[in-house]
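Residues per chain are reported as follows:
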Amino acid sequence: SNPDVMNKYVRGLGFPSSWEYVDVFGMEEELLTMVPRPVRAVLLLFPISKAYEEAREQEEREINTKGQEVSANVWFTKQTIANACGTIAIVHSIANNTEHVPLEAGFLRRFMDQAGDMSPLHRADLLEHSEELEEAHMEMASDGQSCVPTVDDRVDLHFVCFVHKDGCLYELDGRKPYPINHGPSEEDRLLEHTVEIVRHFMARDPEELRFTMVALVPTTSAAIQRER
């Protein structure tokens, strides 16, 4: 969940230097005010526990019974590549913000053009068979840790993405069958409303400390100048 590694990763895929991923250092109000605005997406890294899996299954049963409203403007893909949840979360954060984040020539723009009206499963298949993305993913994994997990390794940490679309807060998780609508939200309160959901994640596993948030925000002018 190293933002520097994420930024290096997406830069090589056509992500503009005017946007970047940054750490969210805590959920207290004074720490949230330190995060540059506007926040366009929040990525959460958390442990997959028995309590989480039970809550996920219950959530799916309730949605399948009661239904939910999902905006047609929410971009969603399934995850069919093992141990690639970070990549899927990054793709979700970018694909749902193309009106704010102008992609440059590269993989991301080509992928978005190809994946436009595809189903979530077909988008996942397109990602799975991209050699360019696989190479970039392995490079990011090796930069982020000393031991790179293979697709067969069991990893108990997982990434999801939160975005605002058409007045609601959505959770995007490629392990789930569809986006999760967490209810009404304001665009300029995305981070604060995401924190409310993250608190529920943490309450299920009070002994766990492995929760990390990263936000997609505009790059400061100084940072842009350093990159030139």
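Once a new chain begins, its residue numbering starts again from 1 and follows that chain's sequence as written. In keeping with the model being predicted, local features are shown solely for residues with a pLDDT of at least 70 and side-chain atom pairs are shown and tallied solely at 80 or more, while totals for entire chains, interfaces and linings include all residues. Side-chain figures throughout are based on the complete set of non-hydrogen atoms in the structure, without hydrogens or water.

A.B. asks: Can you help me understand the packing of helix 5 (residues 107-115) against helix 6 (residues 120-128) in this one?
C.D. replies: Between two packed helices, both the angle of their axes relative to each other and the distance between the axes serve to describe the pair. Here the axes come from fitting lines to C-alpha atoms, over the contacting stretch only for helices, and the angles between their N-to-C directions go from 0 to 180 degrees. Each helix corresponds to a stretch of at least 4 residues labelled H or I by DSSP, and each strand to a stretch of at least 2 residues labelled E; elements are numbered beginning at the N terminus. Where helix 5 meets helix 6, the axes come as close as 10 Å, and the angle between the chain directions of the two elements is 145°. Read as a crossing pair, helix 5 and helix 6 show a hand that is right-handed. Note on element contacts: helix 6 touches helix 5 through Arg123, Leu126 and Leu127, opposite Phe107, Phe111, Gln114 and Ala115. Should the near helix be turned counterclockwise from the far one by less than a right angle, the crossing is left-handed, whereas a clockwise turn marks it as right-handed. Residue contacts follow a heavy-atom distance rule, with two residues in contact if any of their heavy atoms lie within 4.5 Å.

A.B. asks: Any chance you could explain the pattern of salt bridges here in plain terms?
C.D. replies: Side chains that differ in sign of charge can pair as their charged atoms come close. Salt bridges are defined by distance alone: a side-chain nitrogen of Lys or Arg within 4 Å of a carboxyl oxygen of Asp or Glu. Per the stated rule, a full pass over the model turns up 10 salt bridges. Put simply, Glu53 and Arg175 hold a salt bridge, and the shortest N to O gap is 2.9 Å. With Glu53 in helix 3 (residues 50-66) and Arg175 in the loop between strand 4 (168-172) and strand 5 (180-184), the pair connects residues that are 122 residues apart, well separated along the chain. For every residue, the accessible area (1.4 Å probe, protein chains only) is compared with the maximum for its type, and the residue is labelled buried under 20%, exposed over 50%, or partly exposed between those bounds. A relative accessible area of 28% places Arg175 in the partly exposed class. For Lys165, the salt bridge goes to Glu99, with nearest N and O atoms at 3.3 Å.

A.B. asks: Before we go on, may I ask you to explain the side chain of Thr87 in this structure?
C.D. replies: Checked against the element boundaries, Thr87 lands in helix 4 (residues 85-95). Look at Thr87 and you get buried, because its relative accessible area is 4%.

A.B. asks: What is the right way to read the packing of aromatic side chains from this model?
C.D. replies: Any pair of aromatic rings gets described here by the distance separating the centres and the angle formed by the planes. We call Phe, Tyr and Trp rings a pair once their centres come within 6.5 Å, taking the six-membered ring for Trp, and we label the pair stacked below 30 degrees between planes, edge-to-face above 60, and tilted otherwise. Counted under the stated rule, the structure contains seven aromatic pairs. Pairing Trp75 with Phe111 gives two aromatic rings, centres 5.9 Å apart and planes at 70°, and the pair type is edge-to-face. Remark: Phe111 occurs in helix 5 and Trp75 occurs in the loop between helix 3 and helix 4; sequence separation between them is 36 residues. Three or more aromatic residues joined by ring pairs make a cluster, and in this case those are Phe46, Tyr52, Phe162 and Phe201. Whether a charge sits over a ring depends on NZ of Lys or CZ of Arg being within 6 Å of the ring centre and within 35 degrees of the ring normal. Stacked on the ring of Phe201, the Lys or Arg Arg204 has its end atom at 4.8 Å from the ring centre.

A.B. asks: It is not clear to me how the sheet that holds strand 1 (residues 19-24) should be interpreted in this structure. Could you clarify?
C.D. replies: Hydrogen bonds along the backbone pair up the strands of a sheet, which may run parallel or antiparallel. A strand pair is defined by DSSP finding two or more bridges across the two strands. Strand order in the open sheet formed by six strands is 1-6-2-3-4-5, and the pairing between neighbours is antiparallel. Lying at the two open borders of the sheet, with one neighbouring strand each, are strand 1 and strand 5. When the angles between neighbouring strand axes are averaged without regard to direction, this sheet yields 25°. Inspection of the sheet shows strand 2 (residues 41-47) paired to strand 6 (residues 212-218) by five bridges, in the antiparallel sense.

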